[in-house]
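# Structure at a glance
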Amino acid sequence: MWEIKICNALFLIFQAVCSAYDIRIRAVPRWLLLCGSALAALTRLIGIGSGTWIYVWGALAGSAFLIVSKCTDEALGFADSWMIFVLGVYMGIWKLAAVLSIAFFAAGIWSLGKVVLQNGGYKDTFPFLPFLTAGYLGVIGW
């Protein structure tokens, strides 16, 4: 029980640091993403059991986002896609779906507010990692 809570706290700190980089410089260092990948892989290796396929499907869903990122010239940022992959490995497909639902809903509200209140255009960009962090926080808090 404690290991899971400690891992959740470490992963939340990792996501918060990545979000800060994404907000501040619109890029996340690869070494930081590799550290998060190692943390996710380590937790999966420790917790290998009967539900392993849930995490494999989570990784496959994350891989689909990486492919979309590459095919669209990073319209969805590579760091965002990598974080979705790491979340899929760490949480599994069902919790990943919940995180993405919250993140995309919150990003949609943000975009709508930006367009309505600030006359933003359809070409405007914004960091997505903070929304993934909010989605993660919502799922582990729920």
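Values in this document were obtained by computation on a predicted structure and should not be read as measured data. (Residues numbered from 1 in each chain as written. Predicted model: local features only at pLDDT ≥ 70, side-chain atom pairs only at ≥ 80, totals over all residues. Heavy atoms only, no water.)

Counting through the fold element by element, Gln 15 comes out in helix H1 (residues 2–25). Excluding residues within four positions of it along the chain, Gln 15 makes contact with Met 83, Leu 87, Leu 132, Thr 133 and Tyr 136. (Helix = DSSP H or I, 4+ residues; strand = E, 2+ residues; numbered from the N terminus. Contact = heavy atoms within 4.5 Å.)

Let us now look at helix H2 (residues 30–46). Compared with an ideal rise of 1.5 Å per residue, which puts 17 residues at 24 Å, H2 spans 24 Å between its outermost C-alpha atoms and is within 8% of the ideal. If you check which residues of H2 are buried, you get Leu 32, Leu 33, Gly 36, Ser 37, Leu 39, Ala 40, Thr 43 and Arg 44. Looking straight down H2, one finds that the buried residues subtend no more than 155° of arc, so they occupy a single side. For H2, the exposed residues lying more than 90 degrees away from the buried face are Arg 30, Trp 31, Leu 34, Leu 45 and Ile 46. (Expected span 1.5 Å × (residues − 1). Buried < 20%, exposed > 50% of the residue type's maximum accessible area, 1.4 Å probe, protein only. Arc of directions from axis to C-beta.)

This paragraph deals with helix H6 (residues 129–141). Along its 13 residues, H6 runs 18 Å from first to last C-alpha, staying within 8% of the 18 Å computed at 1.5 Å per residue. Residues of H6 that are buried: Leu 129, Phe 131, Leu 132, Thr 133, Gly 135, Tyr 136 and Val 139.

So, on to the environment of Val 99. Position of Val 99 among the secondary structure elements: in helix H5 (residues 93–118). Spatially, the C-alpha atom of Val 99 lies 21 Å from that of Leu 32, the residues being 67 residues apart in sequence. Ignoring sequence-local partners within four residues, the contact set of Val 99 consists of Leu 87, Met 91, Leu 132, Gly 135, Tyr 136 and Val 139.

Counting through the fold element by element, Thr 43 comes out in helix H2. Its relative accessible area of 10% is what places Thr 43 among the buried residues. Once residues within four sequence positions are removed from consideration, Thr 43 is found in contact with Cys 7 and Tyr 90.

Quick look at the confidence of the model for the chain now. In the predicted model, the chain carries a mean pLDDT of 87, and 92% of its residues have values of at least 70. Of all the helices and strands in the chain, H1 carries the lowest mean pLDDT, 84, while helix H4 (residues 78–91) carries the highest, 93. (pLDDT = per-residue confidence, 0-100.)

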